[in-house]
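Here is what each chain is made of, one letter per residue.
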Amino acid sequence: KQELAALKEELAAKIAAHREELDLQRHRHEDELRRLKDGSEQDTRALQARVAELEAEKSRVRQEMQKELDKATNEHCEAIRDLHTSHNGRIEELGARHVEQLDKLQQTL
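Computed from a predicted structure; not experimentally measured. (Residues numbered from 1 in each chain as written. Predicted model: local features only at pLDDT ≥ 70, side-chain atom pairs only at ≥ 80, totals over all residues. Heavy atoms only, no water.)

### Looking at the overall build of the chain
To keep it simple, the criterion reads: Elements are defined by DSSP. Helices are runs of H or I of four residues or more, strands are runs of E of two residues or more, and each kind is numbered from the N terminus. The Shrake-Rupley method, run with a 1.4 Å probe, gives the accessible areas here. Residue values count only the displayed protein chains as cover. In this charge count, Lys and Arg are treated as positive and Asp and Glu as negative; neither His nor the chain ends contribute. Where a charge lies is defined by one atom per residue type: Lys uses NZ, Arg uses CZ, Asp uses CG and Glu uses CD.
Helix and strand content of the chain: 1 helix and 0 strands. Reported as C-alpha extents along the three principal axes, the dimensions of the chain are approximately 160 × 10 × 5 Å. Summed over all atoms, the accessible surface of the chain reaches about 10500 Å², with 56% contributed by carbon and sulfur. Charge centroids of the chain, computed over 20 positive and 25 negative side chains, lie 5 Å from each other.

### Digging into the pattern of salt bridges
Close approach of charged atoms lets side chains of opposite charge pair. Condition: Any Lys or Arg side-chain nitrogen located within 4 Å of an Asp or Glu carboxyl oxygen qualifies as a salt bridge. Each residue gets one of three labels from its accessible area relative to the maximum for its type: buried under 20%, exposed over 50%, partly exposed in between, using a 1.4 Å probe on protein chains only.
Taken as a whole and judged by the stated rule, the model has 11 salt bridges. Aspartate 23 is the salt-bridge partner of arginine 26, the closest N and O atoms lying 3.6 Å from each other. With arginine 26 and aspartate 23 both in helix α1 (residues 2–108), this residue pair falls 3 residues apart, about one helical turn. Residue aspartate 23 is classed as partly exposed on the basis of its relative accessible area, which comes to 33%. The salt bridge partner of arginine 97 is glutamate 93, with a shortest N-O separation of 2.7 Å. Of this pair, arginine 97 and glutamate 93 both sit in helix α1, 4 residues apart, which is roughly one turn of that helix.

### Concerning the environment of serine 86
Take serine 86: it is sitting in helix α1. In the structure, serine 86 is positioned 22 residues away from glutamate 64 in sequence and 33 Å away in space, judged by C-alpha atoms.

### Some remarks on a negative patch on the surface
Heads up, the condition is: Two distance rules govern patches: like charges are joined within 9 Å, and nonpolar side chains (Val, Leu, Ile, Met, Phe, Trp, Tyr) within 5 Å, applied only to residues with over 30% relative accessible area and no salt bridge.
Taken together, the side chains of Glu68, Glu75, Glu78 and Asp82 make up a negatively charged region of the molecular surface. By secondary structure assignment, the location of glutamate 68 is in helix α1. You can call glutamate 68 exposed: its relative accessible area is 52%.

### Section: the environment of aspartate 103
Here aspartate 103 shows up in helix α1. For aspartate 103, a relative accessible area of 39% puts it in the partly exposed group. Through-space distance from the C-alpha of aspartate 103 to that of lysine 67 is 53 Å; in sequence the pair is 36 residues apart.

### Remarks on a nonpolar patch on the surface
Nonpolar side chains collect at one region of the surface, where Leu102, Leu105 and Leu109 lie side by side and expose about 360 Å² of accessible area between them. As for its position among the elements, leucine 109 is in the segment after α1. Exposure remark for leucine 109: the relative accessible area of 82% places this residue in the exposed category.

Printed below as a string of structure tokens:
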């Protein structure tokens, strides 16, 4: 009987030790899972922040490109307007010369 009781006690001690080991493993796994989830959430937040930065940069570049395009368009329009004014001046000048020449021609006739 004593031997049986000793075996029961030994078995109970082994079961308790094994249960403790399993509890420790479970806690380690839970801690690791928590760390992984936290890391994943941090990575997600970091990626979301980076996406927001890139969107802001894209918007800024788009605005700069639009300004450059507007500037180039305005410069082109001004150049065309200046050319048009210059041509109109030449046409008026030529017209005035022709009128003078016609007047001279009429006077000589």
